[in-house]
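These are the residues of each chain, in order.
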Amino acid sequence: MRGKEVFYPVGWDDNGLATERRVQNYYGVRCDPALPYQPGLTTPAIGNTRDPNPADQLPVSRQNFLELCEQLTELDERAFAAAWRRLGLSVDWELGYRTVGRRAQAVSQLAFLRNLARGEAYQAEAPVLWDVTFGTAVAQAEVEDREIPGTFLRLAFALADGRHEAVVATTRPELLPACVALVAHPDDQRYASLFASHATTPLFGTQVPILAHPLADPGKGTGLAMVCTFGDMTDVTWWRDLRLATRSVIGSDGRLLPDPPAGIASRPGTAAYAQLAGLPAKAARQRIASLLYAAGHVRGEPEPVRHPVKFYEHGQVPLEIVTARQWYIRNGSRSRELRDVLIARGRELSWHPEYMRARYEHWVRGLTGDWVISRQRYWGVPIPVWYPLDPAGRPDRGEPIRPAEADLPVDPRRDTPPGYRPGQRDVPGGFTADPDVMDTWATSSLTPLLAGGWPEDTDLLARVFPMDLRPQAHDIIRTWLYYTVLRSHDELGELPWRNAAISGWILDPDRKKMSKSKGNAATPTDLLREYGTDSIRYWAASARLGVDTLLDPAQLRIGRRLAIKILNAGRFVLGIGPDPSPVAPNDGFRRAADAPVDRALLRRLAAVIDRCTDALEAYDHAAALDQAERFFWFFCDDYLELVKARARGEQGQAAADSARTTLLLGLSVLLRLFAPVLPFVTEEVWSWWQDGSIHRAAWPSAGELLELAGPGSDEVVLAATAAVTAVRKAKSHAKLPMKTPAGLLIVTARQEALGALAAAADDVRAAGRIAGLELRAADDAEPGYELVV
């Protein structure tokens, strides 16, 4: 409507763990990579929506599982497309991409290989957040805190002198065999004399150093903390800063490892560990508590607590931290130079609302490790490397085999690397595939490049990059927005877009975030059927950026009432006179609006156009809608009623032409102001008297209206509508029908207000059905009205 072509492709984000879980539930299957491919597979269930028992799921091969993922995402995309088309999303349906399509895979793999070549991607064996249910590493950005109940146990560690003990409070006693040190704050005088000495772990008899570290909290527990490898990310920090040993006890399945870690060598220690080996963490916690009590190592009573614990955002059990080899992309967590550059990028971006930038900067400054992008799953973009195997069959991970860029995309589990034969797979002297796929955000972070034709379509990329706008919610600033800024900086050295419009969450009636996982989400189909598309769009567009919004049926009903009023107003205005086409918006407004009240209305409407335009230019769609809606109700309830009689010709042809022209101009402008939010009702009314789509019509011009209206004040229309409103109130108070004629309206006001009212006297008498209008000058700031029946 502003005369520009809009690049707005539709994108389908359909890879990742959420899709895998949906496929498992929908078809009743689970992936077992060891199984062979089965052509024509018949699944045990279709359409299941509840979480089945894993034991009841049919094991299928990796290829079968991926085919089911592809099949279900295509079904889901068709359902989404139908809902979005009904909702009137203005995406370009001829331009689209998928985050697991062949092109998406090629772009993701190419960007990764270039990250690797520049040293921005690397592989390392390190502590990583791990979801034991999904069996995969997760990134810091995918983690959320949830408060759960726990119990503090106070454990007695024997000190080196053999006569004293140090007491440590912990909620995870099952990690005691992984203890590598005790730490206290450097200024904590209770433990100052113990620094650089040793203590012995209860049950296991392992000597551990007592050290100082500023992250130790003197007010938490006893002030002395156990460092275990690994209970939480603070343990990782202590382990790294103090250069401590590693004693891993939790495996990737969430169970304690079968063998005790190094450092547990005594017969009592190994015997105690044997009672824990193979148990899930929760069961091991209960078992070791019993052992500690029996051995007399617990001091005081257990203390129930509620404390925040890290969960994967889609997970159901607390995360563990395990040591594993993973792929990473440098994100500024360990480079102040890169961190400062990314913060500067955030300040180049125009944020709507501006205060959301603080969330971005807080996230960047708070990163504790590089972005782990490898996932031990199946449905996703494969890591595009292989590893040569030495004569003993061991992979050389330091020299990964990379594909040629022209061969992308590749699936290392199925494709053969350059220089090798298929028969050399997984044999000594041959090669082996990297088994992992990329984090879904590793592809989603490239969507501006993917949509913009990178790298081959340089013409398109030059015309659309950087994009103008990223619209998204605030909870994924730390993921989608941040990662996209990072990848664009790495690849092109600039921002991916100039503006970010950050929305809030949708809340249920209890003011909780709507979420499919919580079971409180509303699907659009029923709402669209009950209230209509324009009503849903009205509710959504009424939500201010950055603010959480209640799904309120009352607001939906208001939207429906507005849409119906637009239809009715259109019928009335278009039916009030002859052929309305002479005042079509592009014909130069051939008929003049002569009456002072009409010109005043056009001046007010011009101001509304400016305010709506400014609001939309500032990405404030809610303010634009509010301005248009306020004027629309004034136009219908006040102005239209004021000039109705004149538009019907009761004051002569010239006066009627002025009213009709103004009504038609007002309708034309209001329809176009509403069009971005209420596309269907505005298109319908527009089609009654205009050619073409309203969404291709020119956006209203305040200058054209002002040129037609000429100079002056808009007080005429305000004074006139205020007088008519006073008449209505007086009749209502007297319990008279509005059509009852009245004798005289006496208006007392300042002289300038009376002058404005005098210019609209005929309209006021006709609309109020009054015989006379008497104007009395006074010094009162507020006008007074007296109706003589």
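Here, every reference points to the structure presented above.
Procedures and definitions
- Residues numbered from 1 in each chain as written.
- Predicted model: local features only at pLDDT ≥ 70, side-chain atom pairs only at ≥ 80, totals over all residues.
- Heavy atoms only, no water.
- Helix = DSSP H or I, 4+ residues; strand = E, 2+ residues; numbered from the N terminus.
- Rg over C-alpha atoms; globule rule 2.2 N^0.38 Å.
- Buried < 20%, exposed > 50% of the residue type's maximum accessible area, 1.4 Å probe, protein only.
- Areas by Shrake-Rupley, 256 points an atom, 1.4 Å probe, with all protein chains shown as cover.
- Lys, Arg positive; Asp, Glu negative; His and termini not counted.
- Charge placed at Lys NZ, Arg CZ, Asp CG, Glu CD.
- Pairing = 2+ DSSP bridges.
- Axes fitted to C-alpha atoms, helices over the stretch in contact; angles between N-to-C directions.
- Contact = heavy atoms within 4.5 Å.
- Arc of directions from axis to C-beta.
- Polar contact = N/O pair within 3.5 Å; in protein donor to acceptor, adjacent residues only side chain to side chain.
- Core = buried A, V, L, I, M, F, W, Y, C linked by side-chain atoms within 4.5 Å.
- Disulfide = S-S within 2.5 Å.
- Phe/Tyr/Trp six-rings, centres within 6.5 Å; stacked < 30°, edge-to-face > 60°.
- Lys NZ or Arg CZ within 6 Å of the ring centre and 35° of its normal.

Colleague: Would you explain the overall build of the protein chain in this entry?
Modeller: In terms of regular secondary structure, the protein chain is built from 23 helices and 27 strands. At 35 Å, the protein chain has a C-alpha radius of gyration far larger than the 28 Å of a compact globule built from 789 residues. The principal-axis extents of the C-alpha atoms in the protein chain amount to approximately 110 × 65 × 50 Å. In the protein chain, buried positions account for 50% of the 789 residues. Surface exposure of the protein chain reaches about 36,600 Å², of which carbon and sulfur atoms provide 51%. Each charge class in the protein chain can be summarised by its mean position, and for the 91 positive and 98 negative side chains these summaries are 3 Å apart.

Colleague: Just to check I follow, could you spell out the sheet that holds strand 26 (residues 770–777) for this structure?
Modeller: Sheet architecture is open: 3 strands sit in the order 26-25-27, paired in mixed fashion. In the strand order of this sheet, the two ends are held by strand 26 and strand 27 (784–788), each with one partner. On average, adjacent strands in this sheet sit at an angle of 15° to one another, irrespective of strand direction. As paired strands, strand 25 (residues 742–749) and strand 26 are joined by 7 bridges and run parallel to one another. Residue pairing in the sheet places L744 in a bridge with G772 of strand 26. The sheet strands contacting helix 21 (residues 715–733) are strand 25, strand 26 and strand 27, and the helix crosses strand 27 at an angle near 50°.

Colleague: For this particular structure, what's the right way to read the sheet that holds strand 16 (residues 371–372)?
Modeller: Picture the strands of a sheet paired through backbone hydrogen bonds; they go either parallel or antiparallel. A sheet is described by the order of its strands in space; here 4 strands give the open sequence 6-5-14-16, paired in antiparallel fashion. With one partner strand each, in any of the chains shown, strand 6 (136–137) and strand 16 form the two edges of the open sheet. The pairing of strand 14 (residues 320–329) with strand 16 spans 2 bridges and is antiparallel. Its bridge partner being in strand 16, I329 is matched across the sheet by W371.

Colleague: I'm lost on helix 4 (residues 233–241) in this one. Help?
Modeller: Taken together, the buried positions of helix 4 are D235, V236, W238 and W239. Each buried residue of helix 4 sits inside an arc of 165° when the element is viewed along its axis, so together they form one side. The inward-facing, buried residues of helix 4 contact strand 5 (121–131), strand 9 (179–184), strand 12 (225–228) and strand 14. By the N-cap criterion, in which a side-chain oxygen at the helix start approaches the backbone nitrogen of a residue two or three places on, helix 4 is capped by D232, the distance to T234 being 3.1 Å. Directly after helix 4, the chain includes R243, whose backbone phi takes a positive value near 55°.

Colleague: Which parts of the structure should I look at to understand the nonpolar core?
Modeller: Across soluble globular proteins, nonpolar side chains have a tendency to be buried as a group. Core analysis: the largest hydrophobic core is formed by 79 residues, its most contacted members being I566, V597, F632, L663, L745 and V764. Per element, the largest residue contribution to this core is 14 residues, and it comes from helix 17 (residues 621–647).

Colleague: I would appreciate a short explanation of the state of the cysteines in the present structure.
Modeller: By definition, a disulfide links two cysteine residues through a covalent bond between their sulfur atoms. All told, the structure shown has 0 disulfides when counted by the stated rule. In this model C31 remains outside any disulfide bridge; the closest cysteine sulfur is found in C69, 8.2 Å from its own. Look at C31 and you get buried, because its relative accessible area is 11%. Of the cysteine sulfurs around C228, a residue in no disulfide, the closest is that of C179, at 4.9 Å. Residue classification places C228 among the buried positions, given a relative accessible area of 3%.

Colleague: Hey, could you run me through the pairing of strand 11 (residues 207–212) in this one?
Modeller: The side chains of a regular strand alternate between the sheet's two faces. Strand direction decides the pairing type here: strand 9 and strand 11, joined by 3 bridges, are parallel. Across the sheet, the residue bridging to A184 is A212, located in strand 11. Between strand 10 (residues 198–200) and strand 11, which pair antiparallel in sequence order, lie 6 residues; one of them, L203, sits at a positive phi of approximately 70°.

Colleague: It is not clear to me how the side chain of D439 should be interpreted in this structure. Could you clarify?
Modeller: With respect to the helices and strands, D439 occurs in the loop between strand 20 (437–438) and helix 9 (440–444). Judged by its relative accessible area of 1%, D439 is buried. At 3.1 Å, the side chain of D439 forms a polar contact with the side chain of W371.

Colleague: Looking at this structure, how should I read the packing of aromatic side chains?
Modeller: When we look at a pair of aromatic rings, we describe it by the centre distance and by the angle of the planes. Applying the stated criterion across every chain, the model contains 18 aromatic pairs. With 5.6 Å between their ring centres and 50° between their planes, W351 and Y360 make a pair best called tilted. Like Y360, W351 is buried. Taken together, the aromatic side chains of W351, Y360, W371, Y482 and Y483 make up a single cluster linked through ring pairs. One cation-aromatic arrangement involves R397 over Y387; the distance from NZ or CZ to the ring centre is 4.9 Å.

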